[in-house]
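# Reading the structure
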Amino acid sequence: MPAYYTNEGRRARPSPKDSPALPIAPCEPPRDCPLCPRLVEYRRENQRQNPDWFNGPAPSFGDPDARLLVAGLAPGRTGANRTGRPFTGDGAGWILYETLIKTGFATGVYEARPDDTLQLVDCMITNAVRCAPPGNKPLPAEEATCRPFLTARLAALPRLKVIVTLGDVSRRNVLKALGLKGSAAPPGHGVEADLGGYVILNSYHCSRLNTNTGRLTPAMFEAVFRRARQIIES
């Protein structure tokens, strides 16, 4: 099984606003997190229908000393909700992990299951909302409720330099998790913003909807991570 990391024993990092203290929260919600009633009910429905699935808040995956964090929006029902690893088992995972391997942020072979040989290098993947939402669309209130986990996840990465946001909702959630307004950094694929403590680098989401229609091509996606590499190594 892949390694999942919490904030135990990790050094917190100040936010770009240099606030004296970040919210006290674990980096990862408990397996039976009760905070969002609609998501809890959806989780229980999936548990009844598919008791052998993971069916819980998808934990972050990757290197606890990562300089790159990839932030998605929420687990897919048959992806991370089924397998227990972000972007594993759904269409988006293929292009994401193949791109990370190409750009040196992962090694091994991605086989769409959590016990494959894939390992992330200097990279971690997380989601703004940890539980699968109905229709793949979390409510704004659910995003806000889950945000302290994202804030804690960011703070617990002592070497973090670049955050790649997958989709505009992820971008806004990351900014708010840093104590900023959702408009503090502009949207747009490939657009970046230096917030002092971190560089936010936007990408279209690597969903099948975007890749099948050509809105996001493999070359466009790879360019984002090559730029992340340049920033990290500069």
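Relevant structure appears above.
Each chain carries its own residue numbering, running from 1 in the written order of its sequence. Two thresholds apply to this predicted model, a pLDDT of at least 70 for residue-level local features and 80 or more for giving and counting side-chain atom pairs, whereas whole-chain, interface and lining totals are computed over all residues. As a convention, hydrogens and water are excluded, and side-chain values are obtained from all of the structure's heavy atoms.

## Notes on the side chain of Glu28
Numbering of helices and strands starts at the N terminus; helices are DSSP runs of H or I of at least 4 residues and strands are runs of E of at least 2. In this fold, Glu28 is placed in the segment before α1 (37-49). Only 2.4 Å separates the side chain of Glu28 from the side chain of Arg130, close enough to count as a polar contact. Pairs of N or O atoms within 3.5 Å make up the polar contacts considered here, provided that, within protein, one atom can donate a hydrogen while the other can accept it, and that residues adjacent in sequence are counted only when both atoms are side-chain atoms.

## Points about the layout of surface pockets
With a 1 Å grid spanning the protein atoms alone, the term cavity applies to any set of points in which a 1.4 Å probe fits but cannot get out, the term pocket to an open set with protein on both sides within 12 Å along at least five of seven lines, and the term lining residue to any residue with an atom within 4 Å of a point. Grid points are joined across faces, edges and corners, and a volume is the space filled by probe spheres set on the points. The computed volume of the largest pocket comes to approximately 780 Å³. Considering the residues around the largest pocket, the lining is formed by 38 residues, among which Leu73, Asn136, Leu166, His205 and Ser207 are closest to the centre. Secondary-structure elements contributing two or more residues to the lining of the largest pocket are α3 (91-102), β6 (162-166), α5 (168-177), β8 (199-203) and α6 (208-212).

## Overview of the sheet that holds β6
Strand pairing is defined by DSSP finding a minimum of two bridges between the two strands. Ordered by their spatial adjacency, 6 strands build an open sheet running β1-β5-β2-β6-β8-β7, and the pairing between neighbours is mixed. On the outer flanks of this sheet lie β1 (61-62) and β7 (192-194), each paired with one strand and no other. Note that strand β2 (residues 68-72) and strand β5 (residues 123-127) share 5 bridges and pair parallel. Bridging from a neighbouring strand, Val70 pairs with Ile125 of β5.

## A closer look at α3
The first and last C-alpha atoms of α3 sit 18 Å apart over 12 residues, in line with the 16 Å expected at 1.5 Å per residue. Of all the residues in α3, the buried ones are Ala92, Gly93, Ile95, Leu96, Tyr97, Thr99 and Leu100. Gly104, located one to two residues past α3, shows a positive phi value of around 85°. Expected span, for any helix, means 1.5 Å times one less than how many residues it has. Here the term buried applies to any residue with accessible area under 20% of the maximum for its type, exposed to any over 50%, and partly exposed to those in between, with areas from a 1.4 Å probe on protein chains only.

## Quick word on empty space enclosed by the protein
The probe, sized like a water molecule, is rolled over the atoms to show the empty space still left. As enumerated under the stated definition, the model contains 2 cavities of 30 Å³ or more in all. Together, Cys33, Leu35, Cys36, Leu39, Val40, Arg43, Val129, Arg130, Cys131, Thr145, Cys146 and Phe149 line the largest cavity. Secondary structure elements with two or more residues in the lining of the largest cavity: α1 and α4 (140-155). Tallied by class, residues from the lining of the largest cavity come to 9 nonpolar, 1 polar and 2 charged. Side-chain classes follow a simple rule in which Ala, Val, Leu, Ile, Met, Phe, Trp, Tyr, Cys and Pro form the nonpolar group, Asp, Glu, Lys and Arg form the charged group, and the remainder, Gly included, forms the polar group.

## Quick notes on α5
Within the span of α5, buried status applies to Ser170, Arg171, Asn173, Val174, Leu175 and Ala177. Here, residues are in contact when the closest pair of their heavy atoms is within 4.5 Å. Looking at the packing, one finds that the buried side of α5 touches β2, α4, β6 and β8. Gly179, located one to two residues past α5, shows a positive phi value of around 85°.

## Examining the packing of aromatic side chains
Centres within 6.5 Å are what make two rings of Phe, Tyr or Trp a pair, Trp counting through its six-membered ring; a difference in plane orientation under 30 degrees is then read as stacked, over 60 as edge-to-face, and the rest as tilted. Going through the model one piece at a time under the given rule, you end up with 4 aromatic pairs. Ring centres of Phe61 and Tyr97 lie 6.4 Å apart, and the angle between their planes is 75°; this geometry places the pair in the edge-to-face category. Linking Phe61 in strand β1 with Tyr97 in helix α3, this pair joins segments that are 36 residues apart in sequence. Under the relative-accessibility criterion, Phe61 is labelled buried at 2%. In this structure Tyr97 comes out as buried when scored by relative accessible area, which is 0%. Relative to Tyr110, the ring of Trp94 has its centre 4.8 Å away and its plane inclined at 75°; by these criteria the two rings are edge-to-face. Here Trp94 is found in helix α3, whereas its partner Tyr110 is found in the loop between β3 (106-107) and β4 (119-120), with 16 residues between them in sequence. Note on Trp94: relative accessible area 36%, which makes it partly exposed.

## Details of the packing of α4 against α5
Here an angle of 0 to 180 degrees is reported between the N-to-C directions of two axes, which are lines fitted to C-alpha atoms, with helices fitted over the stretch in contact. One can describe the packing of α4 onto α5 by two numbers: an axis separation of 9 Å at closest approach and a directional angle of 65°. Classified by the angle their axes make, α4 and α5 are roughly perpendicular. Of the two possible hands of crossing, α4 and α5 adopt the one that is right-handed. Note on element contacts: α5 touches α4 through Val169, Asn173, Val174, Lys176 and Ala177, opposite Glu143, Arg147, Leu150, Thr151 and Leu154. Roughly parallel refers to an angle under 35 degrees, roughly antiparallel to one over 145, roughly perpendicular to one between 65 and 115, and oblique to any angle outside these ranges. Put simply, a crossing is left-handed when the front helix is turned counterclockwise from the back one by less than a right angle, and right-handed when it is turned clockwise.

## Quick look at the nonpolar core
Leu68 and Leu100 are the most contacted members of the largest nonpolar core, which has 30 residues in total. Listed by contribution, the elements that provide at least two residues to this core are β2, α3, β5, β6, β8 and α7 (218-233). The element contributing the most residues to this core is α7, with 6 residues. Residues in contact with Leu68, not counting those within four places in the same chain, are Phe105, Asp122, Cys123, Met124, Leu160, Val162, Val164, Phe225, Ala228 and Ile232. To form a nonpolar core, buried Ala, Val, Leu, Ile, Met, Phe, Trp, Tyr and Cys residues must be joined to one another through side-chain atoms within 4.5 Å. Core analysis: the second largest hydrophobic core is formed by 19 residues, Leu154, Leu195, Tyr198 and Ile200 among them.

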